[in-house]
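# Understanding the architecture of this molecule
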Amino acid sequence: QVQLVESGGGLVQPGGSLRLSCVASGSIFSINGMDWYRQAPGKQRELVASISSGGSTNYADSVKGRFTISRDNAKNTVSLQMNSLKPEDTAVYYCHAFGSKRTGAGYFDSWGQGTQVTVSS
């Protein structure tokens, strides 16, 4: 079992910043990709940013230049620094990770419980 726990959401004014963090724990041998998704009310969940084990990153066009994803492989954590936030960034943000379990027990593909980000004046 691999668990992901997010933190750092909240209410922020337009133009403000927030930093989301996610820590993975459990039977982990290695983590390949770590991602942040978001889901706004009435919309489908969408990929916001991803980072590979080697540090390669990808971003949704809507957040390029404003959001930065990073990870600490030693601590099994991934973060999302969000700057210049807009009302349309309001959503529940989910952490996602996939990789190999310890003891040769196969692979994991896990999601966090989500954290609310609200951008409003």
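Note: the structure precedes this text.
A few points on the structure. What you see is a predicted model; the values in this text were computed from it and never measured. (Residues numbered from 1 in each chain as written. Predicted model: local features only at pLDDT ≥ 70, side-chain atom pairs only at ≥ 80, totals over all residues. Heavy atoms only, no water.)

### So, the state of the cysteines
Overall, the coordinates contain one disulfide when judged by the stated rule. Between the sulfur atoms of Cys 22 and its disulfide mate Cys 95 the distance is 2.1 Å. The disulfide joining Cys 22 to Cys 95 has a torsion of about -80° about its S-S bond and is therefore left-handed. Of this pair, Cys 22 sits in strand S3 (residues 18–26) while Cys 95 sits in strand S9 (residues 91–101), and the two are 73 residues apart along the sequence. Here Cys 22 matches Cys 95 in class, with each residue buried. (Disulfide = S-S within 2.5 Å. Helix = DSSP H or I, 4+ residues; strand = E, 2+ residues; numbered from the N terminus. Buried < 20%, exposed > 50% of the residue type's maximum accessible area, 1.4 Å probe, protein only.)

### Thoughts on the nonpolar core
Generally speaking, a soluble globular protein has its nonpolar side chains buried in company with each other. Counting residues in hydrophobic clusters, the biggest one holds 29 residues, and the most contacted among them are Trp 36, Val 48, Phe 67, Val 78, Leu 80, Met 82 and Tyr 93. When residues of this core are traced back to their parent elements, those giving at least two are strand S1 (2–7), S3, strand S4 (28–39), strand S5 (46–51), strand S7 (67–72), strand S8 (77–82), S9 and strand S11 (115–119). Those residues in contact with Leu 80, other than ones at most four positions away along the chain, are Leu 18, Arg 19, Leu 20, Trp 36, Val 48, Ala 49, Phe 67, Thr 68, Ile 69 and Tyr 93. (Core = buried A, V, L, I, M, F, W, Y, C linked by side-chain atoms within 4.5 Å. Contact = heavy atoms within 4.5 Å.)

### A short note on the pattern of salt bridges
In total, this model carries four salt bridges according to the counting rule given. Across the pair Asp 89 and Arg 38 runs a salt bridge whose closest N-O atoms are separated by 3.0 Å. Placement of Asp 89 in the loop between S8 and S9 and of Arg 38 in strand S4 is noted, with a sequence separation of 51 residues between them. Relative accessible area serves as the criterion here: at 1%, Asp 89 is assigned to the buried category. Between Arg 66 and Asp 89 there is a salt bridge, with the nearest N and O atoms lying 2.8 Å from each other. Separated by 23 residues along the polypeptide, Arg 66 in the loop between strand S6 (57–59) and S7 and Asp 89 in the loop between S8 and S9 bring together distant segments of the chain. (Salt bridge = Lys/Arg side-chain N within 4 Å of Asp/Glu carboxyl O.)

### Description of the pairing of strand S10 (residues 107–111)
Taking every second residue as pointing to the same face, the buried face of S10 carries Phe 108 and Ser 110, while none of Tyr 107, Asp 109 and Trp 111 on the other face is buried. Looking at chain direction, S9 and S10 are connected through five bridges and run antiparallel. Paired with His 96 across the bridge in S10 is Trp 111. In sequence, S9 turns back onto S10 through a hairpin of five residues, with Thr 103 there showing a positive phi of about 60°. (Pairing = 2+ DSSP bridges.)

### Some details on the sheet that holds S3
Remark on secondary structure: sheet strands pair via backbone hydrogen bonds, oriented parallel or antiparallel. The strand order across the open sheet built from four strands is S1-S3-S8-S7, with neighbouring strands paired in antiparallel fashion. The sheet terminates laterally at S1 and S7, the two strands that pair on one side only. Between one strand axis and the next, the sheet turns by 15° as a mean value, whatever way the strands run. Both S3 and S8 contribute to a ladder of six bridges, which runs antiparallel. Each residue of the ladder has a partner; that of Leu 18, found in S8, is Met 82. (Axes fitted to C-alpha atoms, helices over the stretch in contact; angles between N-to-C directions.)

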